[in-house]
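Coordinate analysis (summary)
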Amino acid sequence: MLDVGCGTGDLTLLAKQGVGGAGRVCGIDAAPGMIDVARRKAQRAGIEIDYRVEAIEAMTFPDQTFDVVLSSLMMHHLPDDLKPRALAEIKRVLKPGGRVLIADLKRPTDWLGRQLMRVLMHGHVQRGAQDLPALLSTAGFTAIEVDEKRSRILGFVRARV
């Protein structure tokens, strides 16, 4: 399992508990400070996770390495021109039949949504989770599913290679 944009590693730590001792879990983030915090958390917990300072659009993992790739609250930070490259890289590192699971901010569509984004200091969100299915399809993913009803501000997207 790979957590892209893992930040301080909270989701990655939970994923490692889910896959157990036999499962391999990695986390990448472009911010060295985030990876430092994630490594300290894993060390304190006595959990082995391969954390790397790495950009999603240029991962160093070999082709078809992972069964699952997770992304939580990261895609909206990427410029639009990098999103297709990032999704192509995710597809490249997934094994055949592998899954990607993305949770991200929705693009505000009404006044209340725009106000919520301002309060959350994400007023810049021009694209959101509802824009990901088209990008995933273009990148060659299949079985794309969207769950936008669970949260007013978050959208959840799943797809397969």
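Let me sum up the structure you'll find in this document. (Residues numbered from 1 in each chain as written. Predicted model: local features only at pLDDT ≥ 70, side-chain atom pairs only at ≥ 80, totals over all residues. Heavy atoms only, no water.)

1. Side note on the state of the cysteines
To keep it simple, the criterion reads: When the sulfur atoms of two cysteines come within 2.5 Å, that pair is taken as a disulfide.
Scanning all chains against the criterion turns up zero disulfides. You can see Cys6 has no disulfide; the closest cysteine sulfur is in Cys26, sitting 9.9 Å from it.

2. Comments concerning the side chain of Glu89
This is how the line gets drawn: Secondary structure elements follow DSSP: runs of H or I of four or more residues count as helices, runs of E of two or more count as strands, with numbering from the N terminus. Whether two residues are in contact is decided by their heavy atoms: any pair within 4.5 Å suffices.
Within the element layout of this structure, Glu89 appears in helix α3 (residues 83-93). Once residues within four sequence positions are removed from consideration, Glu89 is found in contact with Ile56, Glu57, Ala58 and Met59.

3. Remarks on helix α2 (residues 32-45)
Using the following cut-off: Expected helix span is computed as 1.5 Å times (number of residues minus one). Only protein chains enter the accessibility calculation, which uses a 1.4 Å probe; a residue whose area is less than 20% of its type maximum is buried, one above 50% is exposed, and one in between is partly exposed. This arc corresponds to the set of directions leading from the helix axis out to the C-beta atoms.
For α2, with 14 residues, the first-to-last C-alpha span of 20 Å sits near the 20 Å given by 1.5 Å per residue. For α2, the complete set of buried residues consists of Ile35, Ala38 and Ala42. Taken around the axis of α2, the buried residues stretch over an arc of 60°, which confines them to a single face. Of the exposed residues in α2, those oriented more than 90 degrees away from the buried face are Gln43 and Arg44. Looking at the packing, one finds that the buried side of α2 touches α1 (10-19), β2 (26-29) and β3 (50-53). Once α2 finishes, Gly46 follows within two positions and takes phi at roughly 70°, a positive value.

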